[in-house]
Amino acid sequence: MKKLFFTKVLLIIHFTSLSQIFIEGIIKENIYNSPIEGIEIIYNNETTYSNIEGRFIVEIKNLPAILYLTSPLFFEKYVNIIDEKKLEIILTNKGSLLEEVIVKSEINKKKLKNTASSISIIKDIETRKISDISIRSGLNEIPGVYMHSGSLNTNRITIRGMGSRSPYSTNKIKSYINNIPLSNGVGETTIEDLGINLFNQIETIKGPNSSIYGAGLGGAILLNLEKSKEHSLSYSSFFGSYKTTKNEINLYKKVNKVDFQINFQNLSSDGYRDNNSYNRNNAFGYLGYNINDKIKLDFIYNFINLDSEIPSSLNIDDFNLNPSKAAESWKNANGNEKYKKNLSAISFDYNSSNYNLIANIFYNNYKSDEKRPFNFLKENSNGFGSRIVNTIIKENQKINFGFEFFRENYLWKTFDNYGTDSEKILNDQNEKRNNFLIFSKYEIEINNTSIITFGLSSNNIKYNWETIEYNDLNPQELKNKDSKKYKYQNIISPKISLNKTISNQNLFFTISHGYSPPNIDETLDDKGLVNTNIKPESGWNYELGIRGNLINRKVSYDLNLYLMKIKNLLVAQRTSEDTYVGVNAGKTSHPGIELSINSSLWESLDNKKNITSEIYFSKNWHKFIDFINEGNVYSNNYLTGVPLHTVNKNITFKFNKIKGTINFQKTGKIPINDSNSEYSEPYMLWNLKIGKLFKINKINLNIITGVKNLFDEKYASMILINAKGFGGSKPRYYYPGLPRNYFISLNLKV
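Predicted model only: the values in this text are computed from it and were never measured. (Residues numbered from 1 in each chain as written. Predicted model: local features only at pLDDT ≥ 70, side-chain atom pairs only at ≥ 80, totals over all residues. Heavy atoms only, no water.)

**Here's the deal with the sheet that holds strand E4 (residues 55–60)**
Then, number 1: Sheet architecture is open: three strands sit in the order E4-E1-E7, paired in mixed fashion. Either end of the sheet is taken by a strand with one partner, and the two such strands are E4 and strand E7 (87–91). Adjacent strand axes in the sheet meet at a mean angle of 35°, parallel and antiparallel pairs treated alike.
Then, number 2: Here strand E1 (residues 21–29) pairs with E7 via five bridges, running parallel. Following the sheet pairing, Lys 28 is matched in E7 by Ile 90. (Pairing = 2+ DSSP bridges. Helix = DSSP H or I, 4+ residues; strand = E, 2+ residues; numbered from the N terminus. Axes fitted to C-alpha atoms, helices over the stretch in contact; angles between N-to-C directions.)

**Thoughts on the nonpolar core**
Then, number 1: In terms of nonpolar packing, the biggest core is built from 38 residues, with Ile 135, Leu 139, Ile 157, Phe 199, Ile 202 and Leu 223 touching the most fellow members.
Then, number 2: Apart from residues lying up to four places away in sequence, Ile 135 is in contact with Ile 122, Met 147, Ile 191, Gly 195, Ile 196 and Ile 202. (Core = buried A, V, L, I, M, F, W, Y, C linked by side-chain atoms within 4.5 Å. Buried < 20%, exposed > 50% of the residue type's maximum accessible area, 1.4 Å probe, protein only. Contact = heavy atoms within 4.5 Å.)

**Side note on the packing of aromatic side chains**
Then, number 1: Taken as a whole and judged by the stated rule, the model has 22 aromatic pairs.
Then, number 2: Centre to centre, the rings of Phe 319 and Tyr 734 are 5.0 Å apart; their planes meet at 20°, and the pair counts as stacked. Of this pair, Phe 319 sits in helix H4 (residues 316–321) while Tyr 734 sits in strand E43 (residues 734–736), and the two are 415 residues apart along the sequence.
Then, number 3: Classification of Phe 319 as buried rests on a relative accessible area of 8%.
Then, number 4: What makes Tyr 734 buried here is its relative accessible area of 6%.
Then, number 5: Its guanidinium or amino end placed over the ring of Tyr 679, Lys 669 lies 4.6 Å from that ring's centre, counting from NZ or CZ. (Phe/Tyr/Trp six-rings, centres within 6.5 Å; stacked < 30°, edge-to-face > 60°. Lys NZ or Arg CZ within 6 Å of the ring centre and 35° of its normal.)

**Comments concerning the pattern of salt bridges**
Pairs can form between side chains of opposite charge once their charged atoms are near each other.
Then, number 1: According to the stated counting rule, one finds 29 salt bridges in the structure shown.
Then, number 2: Taking the shortest distance from any N to any O, the salt bridge between Lys 331 and Asp 274 comes out at 3.7 Å. Residue Lys 331 is found in helix H5 (residues 328–332), and its partner Asp 274 is found in the loop between strand E19 (258–269) and strand E20 (278–290); the two are separated by 57 residues along the sequence.
Then, number 3: With relative accessibility at 40%, the residue Lys 331 sits in the partly exposed group.
Then, number 4: Exposure remark for Asp 274: the relative accessible area of 32% places this residue in the partly exposed category.
Then, number 5: A salt bridge links Lys 481 to Glu 466; the nearest nitrogen and oxygen atoms lie 3.8 Å apart. Of the two residues, Lys 481 is situated in strand E28 (residues 478–502) and Glu 466 in strand E27 (residues 450–470); the sequence distance between them amounts to 15 residues.
Then, number 6: With relative accessibility at 25%, the residue Glu 466 sits in the partly exposed group.
Then, number 7: Taken together, the salt bridges that share partners define one network made up of Arg 128, Asp 132, Glu 141 and Lys 708. (Salt bridge = Lys/Arg side-chain N within 4 Å of Asp/Glu carboxyl O.)

**Looking at the sheet that holds strand E10 (residues 119–121)**
Then, number 1: Strand order in the open sheet formed by five strands is E10-E15-E16-E13-E14, with mixed pairing between adjacent strands. The two strands at the open ends of the sheet, each matched to only one other strand, are E10 and strand E14 (180–181).
Then, number 2: Where E10 and strand E15 (residues 199–206) come together, three bridges link them in antiparallel fashion. The residue bridging Ile 121 from the neighbouring strand is Glu 203, located in E15.

**As for empty space enclosed by the protein**
Then, number 1: For the structure shown, the criterion picks out nine cavities of 30 Å³ or more.
Then, number 2: Taken together, 22 residues form the lining of the second largest cavity, with Lys 174, Asn 184, Gly 187, Asn 435 and Tyr 515 sitting closest to its centre.
Then, number 3: Taken together, the elements giving at least two residues each to the lining of the second largest cavity come down to strand E25 (397–416), strand E26 (424–446), E27 and strand E29 (505–516).
Then, number 4: Broken down by class, the residue content of the lining of the second largest cavity amounts to nine nonpolar, 10 polar and three charged. (1 Å grid on protein atoms, 1.4 Å probe; cavity = no way out; pocket = protein on both sides within 12 Å on 5 of 7 lines; lining within 4 Å. Points joined across faces, edges and corners; volume = space filled by probe spheres on them. Nonpolar A, V, L, I, M, F, W, Y, C, P; charged D, E, K, R; others polar.)

From the geometry alone we can't say anything about function, so treat these as descriptive.
Next up, the structure:
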């Protein structure tokens, strides 16, 4: 009997061991596919962790099965297991531990703490993809960055004061999507119509800190596309106040060596104000082909179709008494804009142990009609170019070099009585813009504690300009044709920087040069013709910073002190409702301080519950140093259009699968004219959102709801600097911000 019993036991053990299933996998972060240590993997209430190489083994009872991955530093994820294949799991960094963030801003793989530039990312991006309809709230949390938003289609981004003098758009700040330039031939950038959902990381380089991207005075915004390694189909829907809706469907699939993504999105809103409706359709396609382990080809296509009304700005009386109204002239004319944008690009990537190459060619097209009270504007732009970056890696040294070329043909016309029998062409101009940038960077690491970087870029800009005049009596008859060719002398912009590791801290110091070419408004004279004597703005940037952690890495911080000295300040003076005159007016000084502190306030032993805090602070003393305009002396006045300080604080709590954030935003007063006789009022906003992640069979369901401007603060979300009143009316400086408003959103992912 005893022998029979032991035989049965051995047989049970044997067959039990045969039924065991062991799943192996590796966990990587989403930017450079670096392995992640310490990720908690939960199956059937049992926990294991990834090792220093990101690897793990989990024993499961049967298939299919579900793993739950969680970490204080990365977004949680459910993983469906249907077979015994080895897993490769990609997680997105929350950005809560600043020094562990990996950035692409300097082309080379690098943790944020090892950079010698002011670089920030939009935090908590996976949540924002569901709860936000634009990148505004994310950008405004970055110290030194401020995004004015008059409406969904009227925005202006400033970085350390640069770009503040552009009336209705963003300029002096370059932008790239996967190393493909988005800015036009004069540095104007529109990224708010792309939405946030396509990107897994958005990085901001503040100031002329990167020779790789042309040393623009404002810096650069880098949009890194989502490239999952997992098959997925997702649907997102957002419902908010003022009949605001966003619907999006996204498909990602990988078949052998081919991976592709298709994304469709619609965003519409009636708007808070009169004449404020908005409708935008986006279509995005990505196709990648891995030729082998070293070579990959990518194709990207993006299409945007916008139809939006324009409420314009208000004077102080209307802003205080009836902020929901539109400017009377724009409402009566049913002012609106309609445009279509296309971007196509092919990229070639080669990666080996000691040499990397990123090369792309691209084409973009933009057609726009804008109905305005004073005329009708038609724009048409076609551009093409190429950007190539080479990287040579040798032990502790890296060399980057390459070029960026862009040629744009920009045509614009204004009409009186457009579309009627009495139609008349007021302006007919064509500008051919040729930009050529050569850049290089040398980086050496010494004793694993110091990184020294030398950078150099050369910028060459040429314009061909043509204007056509028509006969007043016969609008179709050509009266005069004039053309000019002009160029700016080669601009050399050097950079030198040092990053030094001392214990848990990294000190860095940078000296860099930058420049910004004039936009179309800044090149015009009093007759609306191009003034070829206008010079680009240029200046030097000096920066000192420290990054590190305290209290066993429960607190991380990033502190920057900077000073920019700018000469040949470009000023676009408004002489009528549709006429600007550009002049080089003087010099400005841009000193400031920026601070980010992220803290873990409390964490349960099982890591399922935690409370974190984020504080972002900036203070500046941006001033005119030598500024005399039309006989008025503005020297020592504050720079217009920039908040004197900003404070953002987030308290985020997580209890099991419930997550919420309380956000506080304080924006200081903003000088709204060069004489500093008028300031906007400072304001404080409170925002609250809470969400829960559900797992229903193979479906991940994330629901988030919230309220913005909780205490119904009245504030101006955008300022039109140096506005003038015409016909005895008061100047219209103010774009009203939204009162208290609500939203609910959901995301389904299979």
